[in-house]
Amino acid sequence: MKAKTLNMQIIHSLGSTTNKSKTLQEFSVSEDTKALLVVMVEDTERLSDQELGEIGQLISGVNVSLDELTNITDVCNVKKYYDITDDELSCSSLEDAVITRMAVRDVK
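Quick caveat, the model's predicted, so the values are computed rather than measured.

Focus on the nonpolar core
- Counting residues in hydrophobic clusters, the biggest one holds five residues: Val78, Tyr82, Ile84, Ala97 and Val98.
- In contact with Tyr82, other than residues within four places in its own chain, are Leu14, Gly15, Ser16, Phe27, Val98, Arg101 and Met102.

Below you can see the structure in the form of structure tokens.
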């Protein structure tokens, strides 16, 4: 693990660089945030319905299933952020290209 907390490790893993400050800026939430992926590292079986409801009330918007992620992803922004070319996508998926970059980012 590169970060001190699991929460920060998740954000660090999403980043296109090893620069934690830059990654935090890129993945921070602002007033104009239109889509938000919430990651809960918790055994939701242990949380009461009330606790889950309270967490949900912190976010204004519509909850959608993770299955909808491909439908709400801004592909142009993802390609730009991870520097993915159309040529690369002719032989692999966007998901594979992103995962590859995340996996090899720390390799020196």
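So much for the structure itself; the text now carries on.
With respect to the pattern of salt bridges
- Inspection of the entire model under this criterion finds three salt bridges.
- Among the ionic pairs, Glu26 bridges to Lys22, the shortest N-O distance being 3.9 Å. A residue pair is termed a helical-turn pair when its members lie 3 or 4 positions apart in one helix, as Glu26 and Lys22 do in helix 2 (residues 20–26) at four residues.
- A residue is classified by how much of its surface remains accessible, and Glu26, at 32% relative accessible area, is partly exposed.
- The salt bridge involving Glu88 is made with Arg101; its shortest N-O contact spans 2.7 Å. With a gap of 13 residues between them, Glu88 in helix 6 (residues 86–89) and Arg101 in helix 7 (residues 94–104) connect regions that are remote in the sequence.
- For Arg101, a relative accessible area of 24% gives the class partly exposed.

Digging into a negative patch on the surface
- There is a patch of like negative charges on the surface, built from Glu42, Asp43, Glu45, Glu51 and Glu54.
- Mapped onto the elements of the fold, Glu42 is located in the loop between helix 2 and helix 3 (49–57).

A look at helix 1 (residues 6–14)
- The set of residues buried in helix 1 consists of Met8, Gln9 and His12. Seen end-on, helix 1 carries its buried residues on one side only, within an arc spanning 105°.
- Against helix 2 lie the buried residues of helix 1.

Points about the layout of surface pockets
- Looking at the largest pocket, its volume works out to about 2400 Å³.
- Taken together, 46 residues line the largest pocket, and the ones lying closest to its centre are Ala35, Leu36, Leu37, Val38 and Leu69.
- Elements with a minimum of two residues in the lining of the largest pocket: helix 1, helix 3, helix 4 (69–72), helix 5 (75–81) and helix 7.
- The biggest single contributor to the lining of the largest pocket is helix 7, with five residues.
- Classifying every residue of the lining of the largest pocket by side-chain character gives 28 nonpolar, twelve polar and six charged.

As for the packing of aromatic side chains
- Per the counting criterion, the structure on display carries two aromatic pairs.
- Geometrically, the ring pair formed by Phe27 and Tyr81 is edge-to-face, given 5.5 Å between the ring centres and 90° between the ring planes. Of this pair, Phe27 sits in the loop between helix 2 and helix 3 while Tyr81 sits in helix 5; the two residues are 54 residues apart in sequence, bridging distant segments of the chain.
- Where Tyr81 meets Tyr82, the ring centres are 4.7 Å apart and the plane angle is 90°; that geometry is what we call edge-to-face.
- Linked through ring pairs, Phe27, Tyr81 and Tyr82 together constitute an aromatic cluster.

The rules behind each value
Residues numbered from 1 in each chain as written. Predicted model: local features only at pLDDT ≥ 70, side-chain atom pairs only at ≥ 80, totals over all residues. Heavy atoms only, no water. Core = buried A, V, L, I, M, F, W, Y, C linked by side-chain atoms within 4.5 Å. Buried < 20%, exposed > 50% of the residue type's maximum accessible area, 1.4 Å probe, protein only. Contact = heavy atoms within 4.5 Å. Salt bridge = Lys/Arg side-chain N within 4 Å of Asp/Glu carboxyl O. Helix = DSSP H or I, 4+ residues; strand = E, 2+ residues; numbered from the N terminus. Patch = residues over 30% accessible without salt bridge, like charges linked within 9 Å, V, L, I, M, F, W, Y side chains within 5 Å. Areas by Shrake-Rupley, 256 points an atom, 1.4 Å probe, with all protein chains shown as cover. Lys, Arg positive; Asp, Glu negative; His and termini not counted. Charge placed at Lys NZ, Arg CZ, Asp CG, Glu CD. Arc of directions from axis to C-beta. 1 Å grid on protein atoms, 1.4 Å probe; cavity = no way out; pocket = protein on both sides within 12 Å on 5 of 7 lines; lining within 4 Å. Points joined across faces, edges and corners; volume = space filled by probe spheres on them. Nonpolar A, V, L, I, M, F, W, Y, C, P; charged D, E, K, R; others polar. Phe/Tyr/Trp six-rings, centres within 6.5 Å; stacked < 30°, edge-to-face > 60°.

Keep in mind these values describe shape, not function.
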